[in-house]
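Fold and contact review
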Amino acid sequence: MSQQGYVATPPYSQAQPGMGGYPAGFGSSPAQPLYGHYGGQPQSFPAPPTGLMKPVSSPSGMPPPEVSSQYGSNIQQNGAHPQRYPAPPAAAAASPYGQPPNSPYHTIAPQAPAQQLTNQMGSMNLGYGQFGGQMAGPGMAGPGMAGPFQGGAAHMSGPPQKKLDPDSIPSTTQVTEDDQAKRGGQVYTTNLRGQVPPLVTTDFTVQDQGNASPRFMRCTTYSFPCTADLAKQCQVPLGAIIKPFATVPKNETPLYFVNHGETGPIRCNRCKAYMCPYMQFIDGGRRYQCGFCNCVNEVPAFYFQHLDHMGRRVDLYERPELSLGSYEFEATLDYCKNNKPASPPAYIFMIDVSYANIKSGLVRLICEELKTLLDNLPREDGAESSTVKVGFVTYNKILHFYNVKSALAQPQMMVVSDTAEMFVPLLDGFLVNFQESRAVINNLLDQIPDMFADTNESETVFAPVIQAGVEALKTAECSGKLFIFHSSIPTAEAPGKLKNRDDKKLINTEKEKTLFQPQKGVYEQLSKDCVSQGCSVDLFLFPSQYVDLATMGDVPTHTGGSIFKYSNFQVEMDGEHFLSDLRKDVEKAIGFDAIMRVRTSTGFRATNFFGAIHMNNTTDVEMAAVDCDKAVTVEFKHDDKLSEETGALMQCALLYTTVNGQRRLRIHNLSLNCSAQLSELYKSCETDALINFFAKSAYRAMLNQPLKTVREILVNQTAHMLACYRKNCSSPSAASQLILPDAMKVFPVYLNSLMKTGPLVGSADLSTDDRAHQRLIATAMGVEDTQLLLYPRLIPLHNMDVASDVVPAPVRCSEERLTDAGMFLLENGRSLFLWLGQACPPELVQRVFNVPSFAHLPADLSSLPVLDNPQSKKLRSIIDSLLDQRPSAMKLLIVKQKDRSEMLFRQHLVEDKGPYGGASYMDFLCYVHCEIRQVLT
């Protein structure tokens, strides 16, 4: 059965020269360590065919992008979304360049959804689902204008043409709206193997009936190919994004807890998989066959139960581990370090009290906040108070430890000035219970800002601070987290001293990758020490210049930690943003000293892992901590054939210590389909999960390869995935058509957006630390985070219904959607902008800002006044609800049209040409189409 996806005929019919060579991509067979080639040297990506299709905003041909031609991309999700348009009339299929009309266009299955778009001169008909359409190119370059491709095809002359309608190319906002309309508000039950969940952007409720909720696990495709050959042919990476501690909404059932007593959880003797719904009970219930390795095991006497006439245990629905996809086991002493029970974790607050932090008021701000924040330390559901202990360190070139034992009248300070041989000078009284020592701690927090008020010390140490934290936890025999508040590059004489190695001359050279490689040695060893102690590091940075974030962020990135950065911090401007981040960070659900194993049924296995993790061997994923926002992306490879009958099973087992010191196992199970038909794989793809995989792969690859190569791999692999679909799954059609699988039709916009992100764009205008930061925070992102980062939400506010609770529907992320009289909110989970057009109605400006008109708005506005009118209330409630949903706080930036600050805002309009390089979505789509044709010929 042939299926057709999105179809469009671009404005050129001969293959483009100058684009040969396809390095094998991410997730292809691991032949050579540096991606091998399919033939010939990879060419530099020529700039996109800018003259061929013009975005509406540009009346004349666009100049080729500056810098190296880069493609950035945006991320959105897709499912099979029927379009709202009827199939096009037969006449529309005639091609303007005298190609024969496209017969497949009319003969394909009538029930297929289609979308038809016309522009005056020729049709760019886009079809999705099972049918083909064609896209005829508008705006050709005239006869004398060579296109920007080397040896480009833009020499063809044609009739003068109207601009291509940007509405005619696949829209992320449309895809999310359609999925919300189709699946929003529904209950998603997980009783079927291989079913594709609603998009991450859709509101739905999950009912666990034997497979893990998509909140915990999402896959790049829910139908794996049966053989390694098929996987290699389509080049779609086989991956899962696992967020083991994902937040479960209040209206869904929390995980059940299973205790099998002293014997511990029941496991397969051979492969050690845990008891789950994929185990088949046989022999009257006395034995069971493992679903992962097929080994037959005896059922322990205490666990025996009779089978019903269907061969199922009669207690099936009373036991979570037999009927649910996710649950937890009590872990016995065998699962604890040194066979001793675990202790509750500790949180150590380590404050840089050098000149910059004292002067900015940061130290006082932190100390004031901690007095109330420590009441909200994480605790188990239903517990009266938290069992997490707390400790305090201040430092500049030397470290100060504080004894805050509850019996003391005054806190005591102990100084360690020999940073080369770090030790903790006190055992008793350093880590305490906050409730018991509250008076002493508050006394200390009052004293710290005054104690260092006259400091002139501007040099700091950094590695010894982490070392001190690890030593303290080691002594206390517990796991925990260090919260480090730090301002500058550590230049004081001590282990881990760093120097400024920022060098803009390396941008776009072979050596650019060195800017992102952490300095080896001390920090590498520190990461290992932290992981073995279950010590996670969260770094709050307040730099005013380069701090070598690539190195300073290395320990947090390998210990399940987070990195927060507030450049040129000012208390009045950034204080609230920082405090919101700190509160979320201290309060969030978390597990410590974790180790994760991903087991699979025979025929495939987990081969690659991306996340804020440490790997000592090829199978154990070690995380000093794992919280509700951290995800691990796993890649799978075949090691044998898979069968359509049994499918592909995976089990993620996470052993961890709870915040009250219990050792537990959290289990997530998922079953996928397998098929010998590639059309099944393409039908079951999830674009948002795919782009998460591509982002993490590319961000890792850029440590070892030039950015240009990384970008080529991204485009080549995209072209291969789409060419394989075209060749094997769609009905025959003219080569000039662009055909995309329905579930991947917006993949190009995300990929283009990815290539325009700071880490991959290679521009001297961007700070190296900012690029390193974005690279590091993406490693632990889940699917919803990368989706939003790569395709921000642009929400029109000027005509919102103040009476309704609904947030206005987002529009496409392009300048064309902005209006001079409009007001728009843009958010991507990291940044939040309120953009105002010059002709914004004075009454709206008055009601939101309390000034008479756009002209009266002050330049450096950074917050909204609290006003008692419907518009002000509605806007603030929209912003509050967004801030509430996102893992990190966002600082609101108010941007006036034509203002200097607009550049920051524009780089998030991902369908447009990137301000630092990178093509528009339209141009990128043309470029990918050329590449697909190159593959096919």
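Only a predicted model underlies this, so the values are computations on that prediction, with no experimental measurement involved.

**Looking at the overall build of the protein**
Check the secondary structure of the protein and you find 23 helices and 33 strands. Counting all 937 residues of the protein, 61% fall into the buried class. Contacts in the protein between residues far apart in sequence, at least 24 positions, make up 74% of those at least 6 positions apart. Accessible surface computed for the protein: about 35,000 Å², of which carbon and sulfur atoms make up 50%.

**Side note on the confidence of the model for the protein**
Mean pLDDT over the protein works out to 85, with 83% of the residues at or above the 70 mark. Scored below 50 in pLDDT, residues 9–23 makes 81 contacts in the model with residues more than four places away or belonging to other chains. Within the model, pLDDT remains below 50 along residues 28–162, and this stretch shows 422 contacts once partners closer than five positions in the same chain are excluded.

**Section: the packing of aromatic side chains**
Counting across every chain of the model gives 34 aromatic pairs. Its guanidinium or amino end placed over the ring of Phe245, Arg666 lies 4.4 Å from that ring's centre, counting from NZ or CZ. The cationic tip of Lys896 hangs over the ring face of Phe854; the distance from NZ or CZ to the ring centre is 5.3 Å.

**Describing the pattern of salt bridges**
A complete count under the given rule lists 48 salt bridges for this structure. Of the charged contacts, one joins Arg812 and Glu911 as a salt bridge, the two residues approaching to 3.2 Å between their closest N and O atoms. Here the residue Arg812 occupies a position in the loop between strand E30 (793–796) and strand E31 (823–827), and Glu911 occupies one in the loop between helix H22 (902–906) and helix H23 (921–936), the gap between them amounting to 99 residues. Take Arg812: its relative accessible area is 5%, and that puts it in the buried class. The class for Glu911 is buried, based on a relative accessible area of 9%. Because the salt bridges share partners, they merge into one network encompassing Asp585, Lys588, Asp627, Asp629 and Lys630.

**Observations regarding the packing of helix H20 (residues 842–849) against helix H21 (residues 870–885)**
Packed helices, taken two at a time, are described by the angle their axes make and the gap between the axes. Interaxial distance between H20 and H21 falls to 7 Å at its minimum, and their mutual angle equals 65°. The handedness of the crossing between H20 and H21 is right-handed. In this structure, H20 contributes Leu844, Arg847 and Val848 to the contact, and H21 contributes Pro870, Gln871, Ser872 and Leu875. Class assignment of the residues belonging to the contact of H20 with H21 gives a composition of four nonpolar, two polar and one charged.

**Some words on the environment of Ile484**
Topologically, Ile484 is positioned in strand E19 (residues 480–486). The class for Ile484 is buried, based on a relative accessible area of 0%. Distance in space between the C-alpha atoms of Ile484 and Gly469 is 9.9 Å, their sequence separation being 15 residues. For Ile484, the contacting residues outside a window of four places in its chain are Met350, Tyr395, Phe462, Val465, Ile466, Val537, Asp538, Leu539 and Phe540.

**A look at the sheet that holds strand E10 (residues 280–282)**
On the basis of which strands lie adjacent, the open sheet formed by three strands has the order E10-E11-E12 and antiparallel pairing. This sheet does not close on itself; its edge strands, each paired only once, are E10 and strand E12 (296–298). Each neighbouring strand pair of the sheet contributes to a mean axis angle of 30°, computed without reference to strand direction. As paired strands, E10 and strand E11 (residues 287–289) are joined by three bridges and run antiparallel to one another. The residue of E11 that forms the bridge with Ile282 is Arg287.

**Regarding the UniProt feature "domain: Zinc finger Sec23/Sec24-type" (unreviewed entry) in the protein**
As annotated in UniProt, the feature "domain: Zinc finger Sec23/Sec24-type" (unreviewed entry) corresponds to residues 265–303 in the numbering used here. Along residues 265–303 the backbone is 0% helical and 23% strand, and the end-to-end C-alpha distance reaches 11 Å.

**Focus on the sheet that holds strand E32 (residues 832–836)**
Pairing is mixed across the open sheet formed by four strands, whose spatial order is E30-E31-E32-E33. If you trace the sheet from one side to the other, it starts and ends with E30 and strand E33 (892–896), each paired once. Between one strand axis and the next, the sheet turns through 20° on average, direction left out of account. Across five bridges, E32 lies against E33 in parallel orientation. Within E33, the residue paired with Leu834 across the bridge is Ile894.

**Quick word on helix H12 (residues 571–587)**
If you check H12, its first and last C-alpha atoms are 22 Å apart, about what 17 residues at 1.5 Å a residue would give, namely 24 Å. Lining the buried residues of H12 we find strand E14 (346–352), helix H6 (362–373), E19, strand E20 (535–541) and strand E21 (563–565).

**As for unusual backbone geometry**
The phi torsion at Lys272 lies on the positive side, around 70°, for a residue other than glycine. Relative to the helices and strands, Lys272 resides in the loop between strand E9 (257–258) and E10.

**Some words on helix H14 (residues 687–701)**
For H14, built from 15 residues, the straight-helix expectation of 21 Å at 1.5 Å per residue is met to within 8% by its first-to-last C-alpha distance of 21 Å. Counting buried residues in H14 gives 14 out of 15 residues, a clear majority hidden from the surface.

**Describing the pairing of E32**
Burial analysis of E32 places five of its five residues in the buried class, the great majority of the element. What you see with E32 is no split at all: Leu832, Leu834 and Leu836 on one side and Phe833 and Trp835 on the other are buried throughout.

About the criteria used
- Residues numbered from 1 in each chain as written.
- Predicted model: local features only at pLDDT ≥ 70, side-chain atom pairs only at ≥ 80, totals over all residues.
- Heavy atoms only, no water.
- Helix = DSSP H or I, 4+ residues; strand = E, 2+ residues; numbered from the N terminus.
- Buried < 20%, exposed > 50% of the residue type's maximum accessible area, 1.4 Å probe, protein only.
- Contact = heavy atoms within 4.5 Å.
- Areas by Shrake-Rupley, 256 points an atom, 1.4 Å probe, with all protein chains shown as cover.
- pLDDT = per-residue confidence, 0-100.
- Phe/Tyr/Trp six-rings, centres within 6.5 Å; stacked < 30°, edge-to-face > 60°.
- Lys NZ or Arg CZ within 6 Å of the ring centre and 35° of its normal.
- Salt bridge = Lys/Arg side-chain N within 4 Å of Asp/Glu carboxyl O.
- Axes fitted to C-alpha atoms, helices over the stretch in contact; angles between N-to-C directions.
- Left-handed = near helix turned anticlockwise from the far one by under 90°.
- Nonpolar A, V, L, I, M, F, W, Y, C, P; charged D, E, K, R; others polar.
- Pairing = 2+ DSSP bridges.
- UniProt positions renumbered as here; feature names shortened; annotations may be inferred.
- Expected span 1.5 Å × (residues − 1).

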